[in-house]
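Given next are the chains, with one letter for each unit.
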Amino acid sequence: MSSRPLSLASRVAGLFEFVKFSHTIFALPFALMSMLVAGQGRPGWRALFWILLCMVGARTAAMCFNRLADWEIDKQNPRTALRHTLIPKSLGWALMSVSLALLVFGAWRLNPLCLYLSPLAIVLVLSYSLTKRFTAYSHFFLGLALSAAPMGAWAALRGELTSLAPWVLAASVLAWVFGFDLIYATLDMEFDRSKGLYSFPARYGLRPSLRLAQVLHVAAAIGFACFGWIAGLGPIYAVAWALASAGLLYEHRLCRTSDPVSINKAFFQVNAFVSITLLLGACLDLWIRR
């Protein structure tokens, strides 16, 4: 009697691990931040629901395709060797298909611009997984894919992308993700070299990778500050920005040791702190001051 619930729980846990649901914390806060600014703090529940549906659909489809595209490669990497045991491959393809359908349906329910842009969104979120096969700058393409989140949320509320604010936020997210993915990729540097895979650390080494990540995170911090100024956010957001910037500094201190535990902590915990802190700062600033 007790084995069934445990088996079901194990399968659900495997599914969540397969798509790394916890990593939604990277792109989602910036989509919500863009939505709140576009809606002047009151975007409405309808828009929030469909934006969340699109985000979950895009994120799940992207991770499924990443796992499926790297299925055989992951089996050979000690760090990722168990990924293919989490769910059957057929379920991965089915989940990806359903997720893409949810993305397109949600975009259709939002407005015509979102629907027209949904094929581009699909190309962006899926193509990243293939770029490591031909370019050392696959980390840039991951940043580009995640930068679509604030753009899409702005389009959902405003029905246009002519405003400067979403572009500045998207560029900042791109630089931020590009930087932290460079740090994370150092964990697989030797494996990528042995398998002939492209990544910036595999091609240029550890120190240049960490140096470039520092430059990108300085650019991201400047970009987040500029977004706050363009969006008319005030001192509450400024405090959140200062805390997030301190978090980025701490991330690079953690990475100096090249210890996998520290790098994993920097990758998930610190970057989750950065995104959530900026979102909370924008929320409080909009809701309290207005």
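Anything mentioned here points back to the structure above.
Please read these numbers as outputs of a predicted model, since none were measured by experiment.

*Asks:* A description of the overall build of the protein chain should follow, citing residues and the corresponding values.
*Replies:* In terms of helices and strands, the protein chain carries 13 helices and 0 strands. When the helices and strands of the protein chain are read in sequence order from the N terminus, they spell out α-α-α-α-α-α-α-α-α-α-α-α-α. Expected size for 290 residues packed as a compact globule is a radius of gyration near 19 Å; at 19 Å, the protein chain falls within 12% of this value. Projected onto its principal axes, the C-alpha coordinates of the protein chain cover approximately 55 × 45 × 40 Å. Buried positions account for 54% of the 290 residues belonging to the protein chain. Considering only intrachain contacts with a sequence separation of at least 6, the fraction spanning at least 24 residues in the protein chain is 76%.

*Asks:* Which residues make up the pattern of salt bridges, and what values do they have?
*Replies:* It is possible for side chains of opposite charge to pair when their charged atoms get near one another. Counted under the stated rule, the structure contains 4 salt bridges. A salt bridge links Arg-133 to Asp-70; the shortest N-O distance between them is 3.0 Å. Placement of the pair is Arg-133 in the loop between helix 6 (112–131) and helix 7 (138–158) and Asp-70 in the loop between helix 3 (45–69) and helix 4 (71–76), with a sequence separation of 63 residues. The network of salt bridges with shared partners includes Asp-70, Lys-132 and Arg-133.

*Asks:* Got a sec to walk through a nonpolar patch on the surface? Specific residues and values, please.
*Replies:* A cluster of nonpolar side chains, Leu-164, Trp-167, Trp-229 and Ile-230, forms an exposed patch at the surface whose accessible area comes to about 500 Å². Going through the elements one at a time, helix 8 (164–185) and helix 11 (206–230) are the ones with two or more residues in the nonpolar patch. Mapped onto the secondary structure, Trp-167 falls in helix 8.

*Asks:* Please provide a residue-by-residue account of the packing of helix 5 (residues 89–110) against helix 6, values included.
*Replies:* Here helix 5 crosses helix 6 at 150 degrees, and the two axes come no closer than 8 Å. Between helix 5 and helix 6, the angle falls in the class roughly antiparallel. At the point where helix 5 passes helix 6, the crossing takes the right-handed sense. Contacts between helix 5 and helix 6 involve Leu-100, Leu-103, Val-104, Ala-107, Trp-108 and Leu-110 from the first element and Cys-114, Leu-115, Ser-118, Ile-122 and Leu-126 from the second. For the contact of helix 5 with helix 6, the residue count by class is 10 nonpolar, 1 polar and no charged.

*Asks:* Quick rundown of the environment of Ala-81? Include the residues and the values.
*Replies:* Checked against the element boundaries, Ala-81 lands in the loop between helix 4 and helix 5. Taking relative accessible area as the criterion, Ala-81 reaches 23% and is therefore assigned partly exposed.

*Asks:* Account for the nonpolar core, naming residues and giving values.
*Replies:* Met-33, Trp-176, Phe-224 and Phe-227 are the most contacted members of the largest nonpolar core, which totals 82 residues. Take this core: its biggest share by element is 13 residues, from helix 8. Contacts of Phe-224, omitting those with residues within four sequence positions, involve Phe-30, Leu-169, Ser-172, Val-173, Trp-176, Tyr-237, Trp-241 and Leu-278.

*Asks:* Now, about the packing of helix 3 against helix 6: what can you tell me, with residues and values included?
*Replies:* Contact geometry of helix 3 with helix 6 gives a least axis separation of 8 Å together with a crossing angle of 25 degrees. Taken together, the axis directions place helix 3 and helix 6 in an arrangement best described as roughly parallel. With respect to the hand of their crossing, helix 3 and helix 6 are arranged in right-handed fashion. Along the contact surface, helix 3 presents Ala-58, Ala-61, Ala-62, Phe-65, Asn-66 and Ala-69, while helix 6 presents Val-125, Leu-126, Tyr-128, Ser-129 and Leu-130. For the contact of helix 3 with helix 6, the residue count by class is 9 nonpolar, 2 polar and no charged.

*Asks:* With reference to specific residues and values, describe helix 6.
*Replies:* With 20 residues, helix 6 extends 30 Å from end C-alpha to end C-alpha; this agrees with the ideal 28 Å at 1.5 Å per step. In helix 6, a bend of some 40 degrees at Ser-118 exceeds every other bend along the element, and Pro-119, a proline, comes one to four places later. Looking at the buried residues of helix 6, the elements they touch are helix 3, helix 5, helix 7 and helix 8. The N-terminus of helix 6 is capped by Asn-111, whose side-chain oxygen sits 3.2 Å from the backbone nitrogen of Leu-113.

*Asks:* So, the environment of Gly-179: which residues are in play, and what are the values?
*Replies:* With respect to the secondary-structure elements, Gly-179 resides in helix 8. On the basis of relative accessibility, which here comes to 0%, the residue Gly-179 falls in the buried class. With 37 residues separating them in the primary sequence, Gly-179 and Leu-216 have C-alpha atoms 5.4 Å apart. Apart from the residues lying within four places of it in its own chain, the contact partners of Gly-179 are Ala-213, Leu-216 and His-217.

*Asks:* Got a sec to walk through the side chain of Asp-285? Specific residues and values, please.
*Replies:* The residue Asp-285 is located in helix 13 (residues 260–289) in this model. Polar side-chain contacts of Asp-285 include one of 3.4 Å to the backbone nitrogen of Tyr-237.

*Asks:* I'd like a description of helix 13, backed by residues and values.
*Replies:* With 30 residues, helix 13 should reach 44 Å at 1.5 Å per residue; the first-to-last C-alpha distance of 42 Å fits that figure. At Ala-266, helix 13 shows its strongest bend, of approximately 30 degrees.

The rules we used
- Residues numbered from 1 in each chain as written.
- Predicted model: local features only at pLDDT ≥ 70, side-chain atom pairs only at ≥ 80, totals over all residues.
- Heavy atoms only, no water.
- Helix = DSSP H or I, 4+ residues; strand = E, 2+ residues; numbered from the N terminus.
- Rg over C-alpha atoms; globule rule 2.2 N^0.38 Å.
- Buried < 20%, exposed > 50% of the residue type's maximum accessible area, 1.4 Å probe, protein only.
- Contact = heavy atoms within 4.5 Å.
- Salt bridge = Lys/Arg side-chain N within 4 Å of Asp/Glu carboxyl O.
- Patch = residues over 30% accessible without salt bridge, like charges linked within 9 Å, V, L, I, M, F, W, Y side chains within 5 Å.
- Areas by Shrake-Rupley, 256 points an atom, 1.4 Å probe, with all protein chains shown as cover.
- Axes fitted to C-alpha atoms, helices over the stretch in contact; angles between N-to-C directions.
- Parallel < 35°, antiparallel > 145°, perpendicular 65-115°, else oblique.
- Left-handed = near helix turned anticlockwise from the far one by under 90°.
- Nonpolar A, V, L, I, M, F, W, Y, C, P; charged D, E, K, R; others polar.
- Core = buried A, V, L, I, M, F, W, Y, C linked by side-chain atoms within 4.5 Å.
- Expected span 1.5 Å × (residues − 1).
- Bend = angle between axes of the 7 residues up to and from the residue.
- Polar contact = N/O pair within 3.5 Å; in protein donor to acceptor, adjacent residues only side chain to side chain.

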